[in-house]
Each structure stands twice: as structure tokens, then as C-alpha cells.
Amino acid sequence: MNIRTLIVDDELLARERIRRMLEDESDVEILGECVGGRQAVSFIEEHAPDLVFLDIQMPEMSGFEVLETISPQRMPAIIFVTAYDRYALKAFEVHALDYLLKPVGGERLSSALRQAREQIKNARLGRIDERVISLLNDLHSENRYLKRVILKSIGRLYFIKTEEIDWIEGAGNYVKLHVAGKAHMLRERMNTLETKLNPEVFVRVHRSTIINVERIEEMRPLFNGDYTVTLSGGVEVVLSRSRRDRLLRLLEKTS
């Protein structure tokens, strides 16, 4: 069975070099090439390649950030490729399958492919390489909270940094993300999303409302113990009495 492979690098010559070197590998099928991290995430989520040659330093999103963003169900075997020695230690610290230094040599590439074949074989047999488990655990323990939200629309993926979200509104099995006056629908339940957000930044103020505390401009008490909270842009939401104390404690802590 072919190893479905993706090459990710912002340098054309680097992509072409790897592609040429893989031409003699009869079991390697190159699905495509990506020039940046965001494009790579979209490609991986859509096509689920077996193996990715992943550059570490790229504009907008590094190779490490790509791994943090893609879902565990889509996690392929990874071979990091970079021109910078100083990244080697971190690559091994996150248990990369292998690490290739540019310009990539044929012998090192063959060695990395041998390891990749073994990992992919185990994955197809339902056995997950311990390095992959360790990689995912480490990435998610160090970055417990979402940094980006992925939105799907007509075959495309869009990325929103969580820090850009002003407030979140529940809508059944969906949530509505309010960002700079625009609303974006995400298929996620409020309770689930709440656990993924940094509680030092995002606070649930009502059963159907989560706010970014950095956007609070004013709070006014109501007669029944609730508050009206005014956010940046003039949006007003209700802070229920049962959730008031937690928000006030957080604001005191961060003021």
C-alpha cells in the first residue's frame, strides 16, 4: 500500500529537492505540496496523508503550531525538515518521528523513511506509536487551551485566534463567535467549548454566553442581583447572579 505523502515548505527549491529524492521510492505517493502552515492544516484535515515532510520555520504558522492545530484523528507521521540546527533539540523534545537538516541528504532521507514506514504500518494495524502518544500529550499539556478556532465553509477552512473573539453565544449544537462585529457559526456545544478556552480570559456569564474579559468596558447592577455587562463596540450581555462572584474575583485578580 502506498504511503500518501505531503511536502510542506515555504521554499520552492526545498520542496523540489524532496520531491526529486522521493521519485525512486516506489511506495511513496506524493499527494501535494503546501507553502505554509495554514494551507498544510487545511490539506491534512481534508486528505489525511500518511506522512508529512514538515518545515519548522514558516510565515504565520510554524511546523510545531501545525501539529498543535490539526485534530488527533488526522495526525500523520511527521518528519521535520529545517535549515536551522537550533530547532533540533525542540524537535526531539516533542518526539518528532525524525529530523532532517537542509540540504537533505539521500542516506538520512532513506533512514527517516524506514522509520516512517514502520510507524505507518503500526497505525494501519491499529497500533499507535508511543512517540505519537507522547507527542500529543506533551503538546496538549503545554498548550491546554485553544489558540485558534477552525471554521469550515464551502470546502475551505478559516482560522480565528481565540484572543480575537469578543464573546460567544450558544445556539443549540452550535456556538456563534462574535469577532470585530462579525458572527461566525461553529459546530460545538457551549459546555465543550468552555473547557477548551483559557478560564483566565474567557468567562461564562450566562447559560448561553461566554465573554472575553479583556473586552469588558462597563458593568451595571440590575435590581435582581444580575448585572449588565457592556463590551467593546457597545454590545450588552447579562451577567447572571450565580456567575457574578467568579467574574468579580477574576477582575480583581487581573486589575
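### Thoughts on the sheet that holds strand β8 (residues 167–171)
Part 1: Overall, antiparallel pairing links the 5 strands, which are arranged β10-β9-β8-β12-β11 in an open sheet. Of all strands in the sheet, those bounded by a partner on one side alone are β10 (182–186) and β11 (202–206). Here the average twist between neighbouring strands, direction ignored, is 25°.
Part 2: Where β8 and strand β9 (residues 174–179) come together, 5 bridges link them in antiparallel fashion. Bridge pairing in β9 places Trp 167 opposite His 178.

### Thoughts on unusual backbone geometry
The phi angle of most residues is negative, glycine excepted, and most peptide bonds adopt the trans form.
Part 1: Of note in this structure, Ala 48 is not a glycine but carries a positive phi near 50°.
Part 2: Taking relative accessible area as the criterion, Ala 48 reaches 28% and is therefore assigned partly exposed.
Part 3: At Ala 180, a residue that is not glycine, the phi angle is positive and equals roughly 50°.
Part 4: Within the element layout of this structure, Ala 180 appears in the loop between β9 and β10.
Part 5: Note on Ala 180: relative accessible area 69%, which makes it exposed.

### Regarding the pairing of strand β12 (residues 209–212)
Part 1: Side chains of β12 alternate between two faces, with Thr 209 and Ile 211 and Ile 210 and Asn 212 buried alike.
Part 2: Judged from the 3 bridges that link them, β8 and β12 form a sheet pairing that is antiparallel. Opposite Trp 167, over in β12, you have Ile 211 as the bridge partner.
Part 3: Here β11 pairs with β12 via 4 bridges, running antiparallel. Counterpart to Arg 204 in the pairing with β12 is Ile 210.
Part 4: Linking β11 back to β12 in an antiparallel pair, the connection comprises 2 residues.

### What to know about the sheet that holds strand β15 (residues 236–239)
Part 1: With antiparallel pairing, the 3 strands of this open sheet are ordered in space as β13-β14-β15. In the strand order of this sheet, the two ends are held by β13 (216–221) and β15, each with one partner. Neighbour to neighbour, the strand axes of the sheet diverge by 25° on average, direction disregarded.
Part 2: Taken together, the 5 bridges between β13 and strand β14 (residues 227–231) define a ladder with antiparallel strand orientation. Looking at the pairing, Glu 218 lines up with Thr 230 of β14.

### Quick look at the nonpolar core
Part 1: In this structure, Val 8, Leu 54 and Val 66 are the most contacted members of the largest nonpolar core, which totals 21 residues.
Part 2: Within the residue set of this core, elements represented by two or more residues are β1 (3–8), α2 (37–47), β3 (51–55), α3 (63–69), β4 (77–82) and β7 (156–161).
Part 3: Considering every element that reaches this core, the biggest residue donor is α2, with 4 residues.
Part 4: Those residues in contact with Val 66, other than ones at most four positions away along the chain, are Gly 37, Val 41, Ile 44, Leu 54, Met 58 and Met 61.

### Topic: helix α1 (residues 12–22)
Part 1: Within α1 the residues assigned to the buried category are Ala 14, Arg 15, Ile 18 and Leu 22. Projection of α1 onto a plane perpendicular to its axis shows the buried side chains occupying an angular sector of 100°, all on one side.

Calculation rules
Along each chain, the written sequence defines residue order, and numbers are assigned to residues from 1. Selection of residues for local features in this predicted model requires a pLDDT of at least 70, selection of side-chain atom pairs for listing and counting requires 80 or more, and totals for whole chains, interfaces and linings are taken over all residues. Derived side-chain values reflect all non-hydrogen atoms in the structure, with water molecules and hydrogen atoms excluded from consideration. DSSP calls a pair of strands paired once it identifies at least 2 bridges connecting them. Under the scheme used here, helices are H or I runs from DSSP no shorter than 4 residues and strands are E runs no shorter than 2 residues, and both carry numbers assigned from the N terminus. Every axis corresponds to a line fitted to the C-alpha atoms, with the helix fit spanning only the stretch in contact, and the corresponding angles, defined between N-to-C directions, vary from 0 to 180 degrees. Between buried and exposed lies partly exposed: a residue is buried under 20% and exposed over 50% of the maximum accessible area for its type, with that area taken using a 1.4 Å probe on protein chains only. To form a nonpolar core, buried Ala, Val, Leu, Ile, Met, Phe, Trp, Tyr and Cys residues must be joined to one another through side-chain atoms within 4.5 Å. Contacts are assigned to residue pairs with any non-hydrogen atoms lying within 4.5 Å of each other. Think of it as the arc spanned by the lines of direction from the helix axis to the C-beta atoms.

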